[in-house]
Amino acid sequence: MSLPDPWHQALVDLSRWHSARDRAAARAALTFIEPELRLAIPPLVRRTWPEEQVEDALREFLTRLLERPLPAAITQPRRYVVRSFRNRCIDLHRAHQGRCEVAAAEDAGWEPIDPAPDAPTRMAGEEQARALRSALDALPVADRVALKLVDAPEWLDDTERTWLSAQAGLPPDALWSAIQAADDVHALTLLFDPPAQGEDDDRRLRLERFRRRRGRAREKLHALLLGRGVAP
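Residues numbered from 1 in each chain as written. Predicted model: local features only at pLDDT ≥ 70, side-chain atom pairs only at ≥ 80, totals over all residues. Heavy atoms only, no water.

Peer 1: Outline unusual backbone geometry, listing residues and values.
Peer 2: With a phi angle near 55°, Arg21 is a residue other than glycine that sits in the positive phi range. Position of Arg21 relative to the elements: it lies in the loop between α1 (6–20) and α2 (23–39). (Helix = DSSP H or I, 4+ residues; strand = E, 2+ residues; numbered from the N terminus.)

Peer 1: A description of the pattern of salt bridges should follow, citing residues and the corresponding values.
Peer 2: Applying the stated criterion across every chain, the model contains 12 salt bridges. Between Glu34 and Arg59 there is a salt bridge, with the nearest N and O atoms lying 3.0 Å from each other. Here Glu34 is found in helix α2, whereas its partner Arg59 is found in helix α4 (residues 51–67), with 25 residues between them in sequence. Judged by its relative accessible area of 19%, Glu34 is buried. (Salt bridge = Lys/Arg side-chain N within 4 Å of Asp/Glu carboxyl O. Buried < 20%, exposed > 50% of the residue type's maximum accessible area, 1.4 Å probe, protein only.)

Peer 1: Can you tell me about the layout of surface pockets, naming the residues and giving the values?
Peer 2: In this structure, the largest pocket occupies an estimated 390 Å³ of space. Around the largest pocket, the lining is made up of 14 residues, and of these Leu132, Leu136, Lys148, Ala152 and Trp155 lie nearest the centre. Of all the secondary-structure elements, those providing two or more residues to the lining of the largest pocket are α6 (119–138), α7 (141–151) and α11 (203–227). Per-element accounting of the lining of the largest pocket gives the leading share, five residues, to α6. Its residues assigned to classes, the lining of the largest pocket shows seven nonpolar, no polar and seven charged. What the second largest pocket holds in volume is close to 310 Å³. Residue lining of the second largest pocket: 14 residues in total, with Ile41, Arg46, Glu51, Val54 and Gln180 positioned closest to the centre. At the level of elements, α2, α4 and α9 (172–181) are the ones that each hand at least two residues to the lining of the second largest pocket. (1 Å grid on protein atoms, 1.4 Å probe; cavity = no way out; pocket = protein on both sides within 12 Å on 5 of 7 lines; lining within 4 Å. Points joined across faces, edges and corners; volume = space filled by probe spheres on them. Nonpolar A, V, L, I, M, F, W, Y, C, P; charged D, E, K, R; others polar.)

The values reported here are purely geometric and, on their own, carry no functional implication.
Structure below.
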């Protein structure tokens, strides 16, 4: 028997809060959702925002969950809530960069609901995700780290973190702090491929070398997927 989806339970708990002001239900929902959202923080935001700004965005979104009921017809709660949070973070990032105006949180509505995919589409997506994970696991550890470090450092597994710790010459805890503190790709390359002592390090050449390194890793991944009959 399959286990109940904790995301559906979180939505039930939020509904109890909105309908009956059930504090225990609200606390249970946020206790589950908060760590899920922390894992979903976009890498760009994680690298470039001060920690307190990230915390403010997270708290704002959690408060919004308590202030505004979610639509009733959500069939994929994790996908819906995580996407809404990520989009909000990106909107705030653009606003901070001065590229657009973003409405205040209290004026913003929830996202339109996407129609739920039918069973064959959902199964095909799950199969493709499994194939991608399997192909990634078949790559050398350096290739896996090169692909994950910039876009999804939270997906680095223990083996990959150990490899990167050795490369950077940092213990695991200090390594993760350095990843979170990195404000651009260049800072991440210094962990992946530290310059030798006394080496004259050229930023442009370093970034180009890392770009090529990632490109080769992607080519290997695509080749593995094609060899297994999966479209990249």
